[in-house]
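Working through the structure, step by step
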Amino acid sequence: VQLVESGGGLVQPGGSLRLSCAASGSIGSIDTMAWYRLAPRKQRESVAIIRSSGSTSYADSVKGQFTISRDNTKNAVYLQMSSLKPEDTAVYYCYARIRPGGQYIYDDYWGQGTQVTVSS
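Residues numbered from 1 in each chain as written. Predicted model: local features only at pLDDT ≥ 70, side-chain atom pairs only at ≥ 80, totals over all residues. Heavy atoms only, no water.

Details of the overall build of the protein chain
Helices and strands together make up the secondary structure of the protein chain, namely zero helices and 11 strands. For the protein chain, the α and β elements follow one another from N to C terminus as β-β-β-β-β-β-β-β-β-β-β. Computed over the C-alpha atoms, the radius of gyration of the protein chain is 14 Å, within 12% of the 14 Å expected from 2.2 N^0.38 for a compact globule of 120 residues. Reported as C-alpha extents along the three principal axes, the dimensions of the protein chain are approximately 50 × 25 × 25 Å. Within the protein chain, the proportion of its 120 residues that are buried is 40%. Within the protein chain, contacts between residues at least 6 apart in sequence are counted, and of these 55% link residues at least 24 apart. About 6,300 Å² of surface is accessible on the protein chain, with carbon and sulfur atoms providing 46% of the total. (Helix = DSSP H or I, 4+ residues; strand = E, 2+ residues; numbered from the N terminus. Rg over C-alpha atoms; globule rule 2.2 N^0.38 Å. Buried < 20%, exposed > 50% of the residue type's maximum accessible area, 1.4 Å probe, protein only. Contact = heavy atoms within 4.5 Å. Areas by Shrake-Rupley, 256 points an atom, 1.4 Å probe, with all protein chains shown as cover.)

Here we look at the side chain of Asp88
Among the secondary structure elements, Asp88 is positioned in the loop between strand S8 (76-81) and strand S9 (90-100). Looking at Asp88, the relative accessible area reads 2%, which means it is buried. A distance of 3.0 Å separates the side chain of Asp88 from the side chain of Arg37, its partner in a polar contact. Separated by 2.8 Å, the side chains of Asp88 and Gln65 make a polar contact. Here Asp88 is in contact with Arg37, Gln65, Phe66, Ser83, Val116 and Val118, once residues within four sequence places are set aside. (Polar contact = N/O pair within 3.5 Å; in protein donor to acceptor, adjacent residues only side chain to side chain.)

Overview of unusual backbone geometry
In this structure, Arg41 takes a positive phi of about 65° despite not being glycine. Turning to its location among the elements, Arg41 is positioned in the loop between strand S4 (27-38) and strand S5 (45-50). Positioned with a positive phi, Asn75 is a non-glycine residue whose angle comes to about 55°. Among the secondary structure elements, Asn75 is positioned in the loop between strand S7 (66-71) and S8. For Asn75, a relative accessible area of 25% translates into the label partly exposed.

Quick look at the nonpolar core
Counting 29 residues, the largest nonpolar core has Leu3, Trp35, Phe66, Val77, Leu79, Met81 and Tyr92 as its most contacted members. Elements supplying a minimum of two residues to this core: strand S3 (17-24), S4, S5, S7, S8, S9 and strand S11 (114-118). Beyond its immediate stretch of four places on either side in the chain, Tyr92 contacts Glu5, Leu19, Trp35, Tyr36, Arg37, Val47, Phe66, Leu79, Met81, Gly113, Thr114 and Val116. (Core = buried A, V, L, I, M, F, W, Y, C linked by side-chain atoms within 4.5 Å.)

Here we look at the packing of aromatic side chains
In this description, an aromatic ring pair is defined by two values, namely the gap between the centres and the angle between the planes. According to the stated counting rule, one finds three aromatic pairs in the structure shown. Centroid distance Tyr36 to Tyr95: 6.1 Å. Interplanar angle 75°. Geometry classified as edge-to-face. Here the residue Tyr36 occupies a position in strand S4, and Tyr95 occupies one in strand S9, the gap between them amounting to 59 residues. By relative accessible area, Tyr36 is classed as buried at 18%. Accessibility expressed as a relative area gives 11% for Tyr95, which makes it buried. (Phe/Tyr/Trp six-rings, centres within 6.5 Å; stacked < 30°, edge-to-face > 60°.)

Some words on the pattern of salt bridges
Going through the model one piece at a time under the given rule, you end up with four salt bridges. The shortest N-O distance in the salt bridge between Arg37 and Asp88 comes to 3.0 Å. Of the two residues, Arg37 sits in strand S4 while Asp88 sits in the loop between S8 and S9, which places them 51 residues apart along the sequence. With its nearest N and O atoms 3.1 Å apart, the salt bridge here joins Asp60 to Lys63. Via salt bridges that share partners, Arg37, Glu45 and Asp88 belong to a single interconnected network. (Salt bridge = Lys/Arg side-chain N within 4 Å of Asp/Glu carboxyl O.)

Without other data, these values stay purely geometric and don't point to any function.
In structure tokens:
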């Protein structure tokens, strides 16, 4: 099982980006999916979480600015980011709690990270 992210890049302040992350491999089921970010000289931050029920949670710093969604038919999670600010610059990581096919327990999986740079 692996998570592959896409959609990062350079954007001007006030712009938008959409991050995508798809899980591949032998997948039995996926529970929680989320996005984290790691900025220089800062601790890793949980940005947004979406549970299997569809309920979501956001960091206070991105509420009303970011939207997380998932497509269970594609084993994918997305992060729509708008009104981006320089302080949103970070490497964004996809996370998923996955039960691989043929197994009975869930494990934590991470994407490789995608750089988002907000700068004029």
